[in-house]
Amino acid sequence: MNRIKNILLWLFLIPLALTAQEKQVPIMAWSGIPSTEINLERYLEMKEMGINIHLSTFQNADAMQKGLELSSQAGIKLIGSCPELKSDMENTVKRFKNHPALYGWFLRDEPVRKDFAELGEWAGKIRAVDAGHTCFVNLISSINPHKTNALGTGSYAEYVSTFAKEVPVGLLSFDFYPVLNVGLHEFWYEGLGIFSAEAQKLDKPFWAFALASSYNELHPVPTVAALRLQLFSNLCYGAQGLEFWSYWQSDGLRSAPISQSGKRTVVYDRIKTVTHEIQALSGVFTGSKLVSVFHTGTVIPRGTTRLSALLSAIRVFEPEEPGVLVSTLENGDVSYWVILNRDLEKTQKVIVSGNASLKRVLNDGTVVNADRYDATIEIEPGDVAIFQFPTQK
């Protein structure tokens, strides 16, 4: 009888494992491998850290060809650019558009409103030759979403929506590095919420960053908790792709996964830990639609909404102070309730119980009935606890 139970359990878990493998979260490394270090070993090293897409600019089209070939051999994709993408756009796009490792074309980082017309024209010309790959532009962070004169718009929401209307891209991306030595940036969750809401209105997926380096004295060297908090927060707000800046340390940075001498740093293994955790849960996040996101606590982050009601599948929910983030995601016939500990220092206890339909998604992606666990759970700093229930029609 025990053997039969084990076989049935094994058969039950197979589909979950396949789902996780088939639905990988796009995880991109910005600022790839230096030209003097480009070889297959380096690309495989990037993949080992959990990267499946890298963004790189090359000194010429022939160098980009080599980057695509090595990316293909390593099993990762490339968002690439070279001078010829501007000077000889049509021939360059035709040369690479059928390469299996190409993910998209990199145009610009952090444009302001006055740049949109030129970018829109350039992206439109590329799209006319290659409709199968997205043009990629990363937008400026919402450091203060209420003071955007420098961006050329009246609000941060207007900045995002105007860009999307004028520049034909397949996805939206923005950076915000909220983990400071003194705590979390006060505008982070507000800005993330604005970007997420605009992406939903535009019906476009969005990608968001985590800081993989330390570029000034304001930011600490990334810890596992800080990486988890940034990445899981992005996913809880509906991000469909994740990004790291910067992969290779350059002048002015105080840390990165790979040092200027080409050696792995402590950040490399920290990122590797978190990316593997996320991919184990890729079946939860990939393809999910954000339904709602709320916060709890006596004091909630600026620009966010307090949780005031529970889902029908949840009967008891009692989080500790200083509070948690709670996101509801819908993914076809199933929905997920993701509880994120937004504290970087303290493990939080949360009491959760629900009706018979409620299931618990474990950290390895397996799903079990929630009542197999005690109602009191502990969530480590920056980490998540995930519950599953049938989507209500």
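You'll find the structure just up there.
From a predicted model like this one, the values you see are computed outputs, not experimental measurements. Each chain carries its own residue numbering, running from 1 in the direction its sequence is written. Only residues with pLDDT of at least 70 get local features here, since the model is predicted, and only at 80 or more are side-chain atom pairs given and counted; chain-wide, interface and lining totals rely on the full set of residues. Computation of side-chain values covers all heavy atoms of the structure but excludes hydrogens and water.

1. Considerations on the overall build of the chain
We count it as follows: Here a helix means four or more residues in a row that DSSP labels H or I, a strand means two or more in a row labelled E, and each is numbered from the N terminus. The size measure is the radius of gyration over C-alpha atoms, and the globule rule it meets is 2.2 Å times the number of residues to the 0.38 power. The cut-offs for exposure are 20% and 50% of the maximum accessible area for each residue type, with area from a 1.4 Å probe on protein chains only; residues under the lower value are buried, those over the upper are exposed, and the others partly exposed. When checking whether two residues touch, look at their non-hydrogen atoms; a contact exists if any pair is within 4.5 Å. All accessibility values rest on the Shrake-Rupley procedure with a 1.4 Å probe; residue burial counts only the protein chains present in the view.
Helix and strand counts for the chain come out as 11 helices and 19 strands. Computed over C-alpha atoms, the radius of gyration of the chain comes to 21 Å, within 12% of the 21 Å expected from 2.2 N^0.38 for 393 residues, which places it in the range of a compact globule. Referenced to the eigenvectors of the C-alpha coordinate spread, the extents of the chain come out at roughly 65 × 55 × 45 Å. A buried classification covers 55% of the 393 residues belonging to the chain. At a minimum sequence separation of 6, the contacts of the chain that also span at least 24 residues come to 75%. Here the chain displays about 17500 Å² of accessible surface, and carbon together with sulfur accounts for 52% of that area.

2. Looking at the environment of Leu172
Relative to the helices and strands, Leu172 resides in strand β6 (residues 172-174). When the C-alpha atoms of Leu172 and Asn98 are compared, they prove to be 23 Å apart, with 74 residues separating the residues in sequence. Those residues in contact with Leu172 that lie beyond four places of it in its chain are Val160, Phe163, Ala164, Phe195, Ala199, Leu202, Lys204, Pro205, Phe206 and Trp207.

3. Quick word on unusual backbone geometry
Here the residue pair Trp245 and Ser246 is connected by a cis peptide bond, since its omega of 0 degrees sits within 30 degrees of zero. As for its placement among the helices and strands, Ser246 is situated in the loop between β10 (241-245) and α10 (266-280). Omega for the bond connecting Glu321 with Pro322 falls within 30 degrees of zero, at 10 degrees, which places this linkage in the cis form. Within the element layout of this structure, Pro322 appears in the loop between β12 (314-319) and β13 (324-331). The backbone of Glu110 sits at a positive phi, close to 55 degrees, despite the residue not being glycine.

4. So, helix α6 (residues 116-129)
The cut-off we apply is this: Multiplying one less than the number of residues by 1.5 Å gives the expected span of a helix.
With 14 residues, α6 should reach 20 Å at 1.5 Å per residue; the first-to-last C-alpha distance of 20 Å fits that figure. Here α6 has its buried residues at Phe116, Leu119, Gly120, Trp122, Ala123, Ile126 and Val129. If you follow the buried residues of α6, they end up packed against α4 (84-87), α5 (89-96), β4 (102-109), β5 (134-139) and α7 (156-166).

5. With respect to the sheet that holds β13
Short version of the rule: Any two strands with at least two DSSP bridges between them are considered paired. Interaxial angles span 0 to 180 degrees and are taken between N-to-C directions of axes, which are lines fitted to C-alpha atoms, for helices over the stretch in contact.
Sheet architecture is open: 6 strands sit in the order β11-β13-β14-β19-β16-β17, paired in antiparallel fashion. Strand pairing shows two members of the sheet lacking a second neighbour, β11 (289-295) and β17 (367-369), which therefore form its edges. Adjacent strand axes in the sheet meet at a mean angle of 25 degrees, parallel and antiparallel pairs treated alike. Bridge count between strand β16 (residues 359-361) and strand β19 (residues 384-390): 3 bridges; the pairing is antiparallel. Counted as the bridge partner of Val361 is Ile386 from β19.

6. Examining the packing of α7 against helix α8 (residues 188-202)
Put simply, the test is: Handedness of each helix crossing follows the sense of rotation of the near helix against the far helix: counterclockwise by less than a right angle gives left-handed, clockwise gives right-handed. Residue polarity is assigned by list, with Asp, Glu, Lys and Arg as charged and Ala, Val, Leu, Ile, Met, Phe, Trp, Tyr, Cys and Pro as nonpolar; anything else, Gly included, falls into the polar class.
For the pair α7 and α8, interaxial distance at closest approach is 9 Å and the crossing angle is 35 degrees. Both α7 and α8 take part in a crossing whose hand is right-handed. Across the interface between the two elements, Tyr156, Ala157, Val160, Ser161 and Ala164 from α7 touch Ile194, Phe195, Glu198 and Leu202 from α8. Tallied by class, residues from the contact of α7 with α8 come to 7 nonpolar, 1 polar and 1 charged.

7. Looking at the pairing of strand β3 (residues 77-81)
Looking along a regular strand, one sees the side chains alternate between the two faces of the sheet. Summarising burial for β3: 4 of the 5 residues are buried, a large majority. Sheet topology places strand β2 (residues 53-57) next to β3; 5 bridges connect them, and they run parallel. Bridge pairing in β3 links Ile53 to Lys77. Direction of pairing for β3 relative to β4: parallel, over a ladder of 3 bridges. When the bridges of β4 are listed, Leu78 appears paired with Leu102.

8. Here we look at the side chain of His99
Heads up, the condition is: Side-chain atoms alone can form a polar contact between residues adjacent in sequence; in general such a contact is a pair of N or O atoms within 3.5 Å, and within protein one must be able to donate a hydrogen while the other accepts it.
Its place among the elements puts His99 in the loop between α5 and β4. Side-chain polar atoms of His99 contact the backbone nitrogen of Ala101, separated by 3.1 Å. The contact partners of His99, leaving out residues within four places of it in the chain, are Gln65, Leu68, Glu69 and Ser72.

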